[in-house]
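Take a look at the letters that make up each chain.
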Amino acid sequence: MRTLVTSSPAPLSGPAADLTSTDLANVTQSRATGEDYSRMQRTDTLGRIARWDGVADSLESGGVRLSGAYHRRLEHVYSLSIPKGARVLEVGSARGDLLASLEPAHGVGIDFAPKMVAAARQRHPGLTFLEADAQQLAEAISQAEADASDRPFDYVILSDLVNDLRDVQAVLEQVHKVCGPRTRVMINTYSRVWEKPLAAVGKAGLARPMIGQNWLTPHDLRNLLHLAGFETLRTWQEVLLPLRIPGVAGLCNRFLVKLPGLRHLALSNFLIARPAPTAATQPKPEDVVVSVLVPARNEAGNIENILRRTPQMGAGTELIFVEGGSSDPTWQAIERVAAEHLDWGKGIKIMKQDGKGKGDAVRKGFDAATGDVLMILDADMTVPPEDLPRFFDAWCSGKGEFVNGVRLVYPMADQAMRVLNLIGNKFFSYAFTWLLGQPIRDTLCGTKVLSRTDYRRVADGRHYFGDFDPFGDFDLLFGAAKLNLRICDLPIRYQARTYGDTNIQRWRSGVVLLRMTAYAARRLKFV
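Rules used in this analysis
- Residues numbered from 1 in each chain as written.
- Predicted model: local features only at pLDDT ≥ 70, side-chain atom pairs only at ≥ 80, totals over all residues.
- Heavy atoms only, no water.
- Helix = DSSP H or I, 4+ residues; strand = E, 2+ residues; numbered from the N terminus.
- Buried < 20%, exposed > 50% of the residue type's maximum accessible area, 1.4 Å probe, protein only.
- Areas by Shrake-Rupley, 256 points an atom, 1.4 Å probe, with all protein chains shown as cover.
- Contact = heavy atoms within 4.5 Å.
- Polar contact = N/O pair within 3.5 Å; in protein donor to acceptor, adjacent residues only side chain to side chain.
- Pairing = 2+ DSSP bridges.
- Right-handed = clockwise from strand over helix to strand, strands pointing away.
- Axes fitted to C-alpha atoms, helices over the stretch in contact; angles between N-to-C directions.
- Phe/Tyr/Trp six-rings, centres within 6.5 Å; stacked < 30°, edge-to-face > 60°.
- Lys NZ or Arg CZ within 6 Å of the ring centre and 35° of its normal.
- Parallel < 35°, antiparallel > 145°, perpendicular 65-115°, else oblique.
- Salt bridge = Lys/Arg side-chain N within 4 Å of Asp/Glu carboxyl O.
- Core = buried A, V, L, I, M, F, W, Y, C linked by side-chain atoms within 4.5 Å.
- Patch = residues over 30% accessible without salt bridge, like charges linked within 9 Å, V, L, I, M, F, W, Y side chains within 5 Å.

A. Region of the structure containing the overall build of the protein. Assigned secondary structure in the protein consists of 18 helices and 14 strands. For the protein, buried positions account for 54% of its 527 residues. Summed over its atoms, the accessible surface of the protein is roughly 23,100 Å², and 54% of this surface lies on carbon and sulfur atoms.

Okay, here's the thing in structure tokens:
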């Protein structure tokens, strides 16, 4: 993590001591004529190394540093997305404080300034710090990390680095080489809105005058990530007030900076990206076993049809019925179809709920699932079972790591959804799109798909949210957003019920949804 504000750097030392006044003077001429381009690049790099070595000397000698509050805020924001115990690489790690704050099981920092690397090794002896240019990142990692190809990093972070880089695309391409299909890349960089304020602070002697900055916009970064083979998952803004002012800083940096009218004034733009999926990095459909969970309460008339219409997908489908205290013979219907179809697909599992609500049924069923991919199919069949292969294809292709059904795109069957329910669903879709940072067109469509591995990660992180969701949809949505999974909306044609009545109580459920919206705001947005 690069230092935002510090005292003036010390004189040139280390590798930059080889620089002569003639070298520095020739940089401009080299740029003008195009002569000796590699020499120009080397001279520019040595100048930057000297700059950051000077910053390291200044910090070690107790130089003025007014940016502590800013860096503590960055550490907090990164910790919200990166769990403790992950494998983390930081490019441009400076003294390693951000990397150390994340408490990685395996942490590696890389920096081209020798004095920064030396300081990092002294401050954080439990982590690994490498001295190398980011444009040789892949080579440096492969030489230092024997298992780099077998165990890629979970997260790669670039904090206030891309604004300093000579060739951002080249560095991002190097980052791509050390990523696995599941790696997340997290970047923050200064907003151009702060270009003149930061320059003014530097001229006043209160901050280190910056080396020429790139001042990339979020659009610029998304485009550069795309060119380097990444897909941007979400962008957002942080830090409205980079100073420690009790009460005021918390209000500005937790709440005001998240509001539409003020977020463009933020100091730092954040992005999270993943390597764009390819056929080579995705599982082969014929190797994937699918578990379809059917929560069923008062759905006796639909059980036979569910069995008959649910397709076999991938390497085979496992069907799991979880009955929830029905007042009709739903359980007897489940027992009967299971006994009559012992050779169905990858098997049929049946069980009764211990608790109440669809959320409890989902957790019980998913805990018993053995498939590689987990699906929810509501027993009312308002989402046709014949649509499940489309969800499977979206997951297998990598278009979505969490595939969410959407009922609000195509025209619905008559009487499939009441008008007030439709209005409520549209409201909550807008609210959750803003809260989660990814487009969510429909929060309560019952059909949702994710891998069993990702579900285990959601379940392991459930303590962050607690047991708050009676529906089961939001527990999964919040968990997927917290893990920065790629959420993909998949439109379906919503059908009217042919048996029984809805188990949802409109007004009571609406109140619960409002409470969960407020809860999500506290745990995911205003943090």
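On we go.
B. Summary view of helix α7 (residues 168–177). Residues Val168, Ala170, Val171, Leu172, Gln174 and Val175 constitute the buried set of α7. Looking at the packing, one finds that the buried side of α7 touches β1 (87–91), α6 (137–144), β4 (153–159), β5 (179–190), α9 (218–227) and β6 (230–238). Taking the backbone nitrogen of Gln169 as reference, a side-chain oxygen 3.4 Å away marks Asp167 as the first, capping residue of α7.

C. Just the pairing of strand β2 (residues 106–111), in detail. By the criterion of burial, β2 is predominantly enclosed, with five of the six residues buried. Summarising the sheet, β1 and β2 pair through five bridges and their orientation is parallel. From the neighbouring strand, Leu89 faces β2, where its bridge partner is Val108. Following the chain from β2 across helix α5 (residues 114–123) to the adjacent parallel strand β3 (residues 128–131), one finds a crossover that is right-handed.

D. A look at the sheet that holds β4. Taken together, the seven strands give an open sheet; going across it, the order is β3-β2-β1-β4-β5-β7-β6, and neighbouring strands pair in mixed fashion. Looking at strand neighbours, the two that pair on one side only are β3 and β6, the edges of this open sheet. Ignoring which end each strand starts from, the neighbouring axes of this sheet average 20° apart. Docked against the sheet, α5 engages β2 and β3, running at close to 165° with respect to β3.

E. Examining the packing of aromatic side chains more closely. Here the structure, examined in full by the defined rule, presents twelve aromatic pairs. Between Trp236 and Phe270, the aromatic rings sit 5.2 Å apart at their centres with planes inclined by 25°, giving stacked as the arrangement. Of the two residues, Trp236 is situated in strand β6 and Phe270 in strand β7 (residues 268–275); the sequence distance between them amounts to 34 residues. Seen in terms of ring centroids, Phe465 and Phe478 are 5.6 Å apart; in terms of plane orientation they differ by 45°. Their pairing is tilted. With Phe465 in the loop between α16 (452–460) and α17 (473–482) and Phe478 in helix α17, this pair connects stretches of sequence that are 13 residues apart. Across the pair, Phe478 and Phe465 agree in class, each one buried. In textbook terms, an aromatic cluster arises when at least three aromatic residues are bridged by ring pairs, as seen for Phe432, Tyr464, Phe465, Phe474 and Phe478. The cationic tip of Arg234 hangs over the ring face of Trp236; the distance from NZ or CZ to the ring centre is 4.0 Å.

F. Representation of the packing of α6 against α7 in the model. Direction vectors running N to C along α6 and α7 enclose 30°, while the axes themselves pass 8 Å from each other. Viewed along their axes, α6 and α7 adopt a mutual orientation that is roughly parallel. Counted together, Leu137, Ala138 and Glu139 of α6 and Gln174, Val175 and Lys177 of α7 form the full contact between these two elements.

G. Broad picture of the pattern of salt bridges. Evaluated as defined, the whole model comprises 27 salt bridges. Arg336 is the partner of Glu340 in a salt bridge, and the nearest nitrogen-oxygen pair spans 3.6 Å. One end of the pair is Glu340 and the other is Arg336, both in helix α12 (residues 330–340) and four residues apart, which spans about a single turn. By relative accessible area, Glu340 is classed as partly exposed at 48%. Two residues, Asp378 and Lys358, come together in a salt bridge whose shortest N-O distance is 2.9 Å. On the criterion of sequence distance, the pair formed by Asp378 in the loop between β11 (373–376) and α14 (388–396) and Lys358 in helix α13 (residues 358–368) is long-range, its members being 20 residues apart. Sharing partners across several salt bridges, the network here consists of Arg182, Arg184, Glu231, Arg274, Glu401, Asp454, Arg457 and Arg486.

H. Spatial organisation of the environment of His76. Following the sequence through the fold, His76 ends up in helix α3 (residues 68–81). Along the backbone, His76 and Val527 are 451 residues apart, and their C-alpha atoms lie at a distance of 8.8 Å.

I. Broad picture of the sheet that holds strand β10 (residues 348–352). Strands sit in the order β10-β9-β8-β11-β13-β12-β14 across an open sheet of seven strands; the sheet is mixed. Of all the strands in the sheet, the pair left with one neighbour each is β10 and β14 (487–491). Looking at each pair of strands side by side, their axes are set apart by 20° on average, direction ignored. Against the sheet, α12 makes contact with β8 (289–296), β9 (316–323) and β10, and its axis sits at roughly 155° relative to β10, the strand it touches most. Here α17 sits on the sheet and contacts β11, β12 (402–406), β13 (448–451) and β14; the angle it forms with β12, its principal contact strand, is near 135°.

J. Molecular detail of the side chain of Asn298. Mapped onto the elements of the fold, Asn298 is located in the loop between β8 and α11 (303–309). A distance of 3.4 Å separates a polar side-chain atom of Asn298 from the backbone nitrogen of Asp328.

K. Looking closely at the nonpolar core. In this structure, Phe366, Phe432, Phe474 and Phe478 are the most contacted members of the largest nonpolar core, which totals 42 residues. Looking at this core, the elements with two or more residues in it are β9, α13, β11, α15 (419–436), α16, α17 and α18 (506–525). In terms of residue count, the dominant contributor to this core is α17 (six residues). With sequence-adjacent residues up to four places away left out, Phe432 is seen in contact with Gly437, Gln438, Ile440, Thr443, Phe474, Phe478, Thr517 and Ala520. Core analysis: the second largest hydrophobic core is formed by 36 residues, Ala296, Met313, Trp331 and Met381 among them.

L. Broad picture of the pairing of β4. By the criterion of burial, β4 is predominantly enclosed, with six of the seven residues buried. One ladder, built from three bridges, connects β1 with β4; its direction is parallel. Of the residues in β4, the one forming a bridge with Glu90 is Ile157. The pairing of β4 with β5 spans six bridges and is parallel. What sits directly across from Tyr155, in β5, is Arg184. Running through α7, the crossover from β4 to the neighbouring parallel element β5 is right-handed.

M. Representation of a nonpolar patch on the surface in the model. A contiguous nonpolar surface patch, about 230 Å² in accessible area, is contributed by Leu243, Ile245 and Val248. With respect to the helices and strands, Leu243 occurs in the loop between β6 and α10 (248–255).

It is worth stressing that arrangement in space is one thing and function is another; only the former is reported here.
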